Amino acid sequence: MKHTAILALLLALLLALTACGGHAAEEAGSAESSAAVSSADSGPEESDASVSSQPVEEEPALTAADVYVMDAGTSLTAAQLDEVDTSELFFYEEISDLVFARMEGVSFGADCTTARSDLRYVRVLHTGFDGETHIGELVVNRAIAEDIVEIFQGLYEASYPIEKMLLIDEYGGDDELSMEDNNTSCFNFRAVSGTDHLSQHAYGLAIDVNPLYNPYITSSGYEPTNAGDYIDRTMDFDYKIDESDLCYQLFTQHGFTWGGSWNSVKDYQHFQKAAE
């Protein structure tokens, strides 16, 4: 009996020690698991901090030479123009082979009687309807090239809004399509709408500015055909050319006449000047 009691006591102690060891192992495992979860949670926070600390690259400033080779219609930010003397981006030059390749068979058709040598390619900046600076282009008669550069430089410096300024060749030489898209343009060897008489545009001596908002109105209708909201000139609306408008003032100061002052028809987009 005495040996049996001793054996029972030893067995009880062994079971107690085994139970304590199991609980310790479970606590250790739980601690390791919690540490792993905590480490995993902290990972993304450290990663986000690393990403947010990356410097934001600033838009590089351009030179006048950079802008010179860009396509017309390109939009430029203030940061890009920060180191540019913008006066260098208002100029005219003879019609290059590259420009003439765009015109030939379109605005400059096989029947064109205006000599290529009498025309000049004009590049300017203009403020778009989006408030950003855009590169504009025109083909004009050499007799008005300097006037056009000066006028559009004045308009740009005053942030006068002009939506688009691309060669009409971008519209297949179609005056209606150009006007519907509110494109400002000059040279196009064509007749006056509805007549056989050559337009002053055929000589590069007339320019149409923001034509959608300043339509050509006759007794039989108006052009462009989508300009119905702008034929009542007693109403106030944006981009309207009248005698108080800066566009009117600058063109007339340079000796241009305005189609909005004609009697038989009204051409509110149109300015022209006789060659001297």
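About the thresholds
Residues numbered from 1 in each chain as written. Predicted model: local features only at pLDDT ≥ 70, side-chain atom pairs only at ≥ 80, totals over all residues. Heavy atoms only, no water. 1 Å grid on protein atoms, 1.4 Å probe; cavity = no way out; pocket = protein on both sides within 12 Å on 5 of 7 lines; lining within 4 Å. Points joined across faces, edges and corners; volume = space filled by probe spheres on them. Helix = DSSP H or I, 4+ residues; strand = E, 2+ residues; numbered from the N terminus. Nonpolar A, V, L, I, M, F, W, Y, C, P; charged D, E, K, R; others polar. Core = buried A, V, L, I, M, F, W, Y, C linked by side-chain atoms within 4.5 Å. Buried < 20%, exposed > 50% of the residue type's maximum accessible area, 1.4 Å probe, protein only. Contact = heavy atoms within 4.5 Å. Phe/Tyr/Trp six-rings, centres within 6.5 Å; stacked < 30°, edge-to-face > 60°. Lys NZ or Arg CZ within 6 Å of the ring centre and 35° of its normal. Lys, Arg positive; Asp, Glu negative; His and termini not counted. Salt bridge = Lys/Arg side-chain N within 4 Å of Asp/Glu carboxyl O. Polar contact = N/O pair within 3.5 Å; in protein donor to acceptor, adjacent residues only side chain to side chain. Pairing = 2+ DSSP bridges. Axes fitted to C-alpha atoms, helices over the stretch in contact; angles between N-to-C directions.

A. Local environment of the layout of surface pockets. Of the voids in this model, the largest pocket is the one considered here, and its volume is about 290 Å³. As for the largest pocket, its lining consists of 14 residues, and the residues nearest its centre are Tyr68, Leu98, Val99, Tyr121 and Arg123. Put simply, the parts of the chain that give the lining of the largest pocket at least two residues each are strand E2 (91-94), helix H3 (97-103) and strand E3 (119-127). With 3 residues, H3 is the single largest residue contributor to the lining of the largest pocket. Its residues placed into classes, the lining of the largest pocket shows 8 nonpolar, 1 polar and 5 charged. Reported here for the second largest pocket is a volume of approximately 250 Å³. What lines the second largest pocket is a set of 18 residues, among which Val192, Ser199, Tyr216, Asp267 and His270 lie closest to the centre. Listed by contribution, the elements that provide at least two residues to the lining of the second largest pocket are helix H5 (175-180) and strand E10 (270-272).

B. A look at the nonpolar core. Grouped together as the largest cluster of nonpolar side chains are 39 residues, with contacts concentrated most on Leu138, Ile148, Phe152, Ile207, Phe251 and Phe271. Elements supplying a minimum of two residues to this core: helix H2 (64-68), E3, strand E4 (133-141), helix H4 (145-157) and helix H6 (246-253). It is H4 that provides the largest number of residues to this core, a total of 7 residues. Other than its neighbours up to four places away in sequence, Leu138 contacts Arg120, Tyr121, Val122, Ile148, Phe152, Met165, Leu167, Thr184, Ser185, Cys186 and Ile207.

C. A look at the packing of aromatic side chains. According to the stated counting rule, one finds 14 aromatic pairs in the structure shown. Relative to Phe108, the ring of Phe100 lies with its centre 5.0 Å away and its plane at 75 degrees, an arrangement referred to as edge-to-face. Judged by its relative accessible area of 12%, Phe100 falls in the buried class. What makes Phe108 buried here is its relative accessible area of 12%. By way of ring pairs, the aromatic residues Phe129, Tyr213, Tyr230, Phe237 and Tyr239 are connected into one cluster. For Lys240, the ring lying beneath its charged end belongs to Phe237, and the centroid distance is 5.7 Å.

D. The side chain of Lys240, seen in detail. One can find Lys240 in the loop between strand E7 (221-223) and H6. Buried and unpaired, Lys240 has Asp236 as its nearest opposite-charge partner, separated by 4.3 Å. At 2.6 Å, the side chain of Lys240 and the backbone oxygen of Arg233 are in polar contact. Look past the residues within four positions of Lys240 in its chain and what remains in contact with it is Asn214, Arg233, Thr234, Met235 and Asp245.

E. Summary view of the sheet that holds E4. As summarised here, the arrangement of the 4 strands in space is E1-E4-E3-E2, forming an open sheet in which the pairing is antiparallel. The sheet is open, and its two edges are formed by strand E1 (75-76) and E2, each paired on a single side. By the bridge criterion, 9 bridges tie E3 to E4 in an arrangement that is antiparallel. Directly across from Val124, in E4, lies its bridge partner Gly136. Sitting on the sheet, H4 touches E2, E3 and E4, and the angle it makes with E3 is about 5 degrees.

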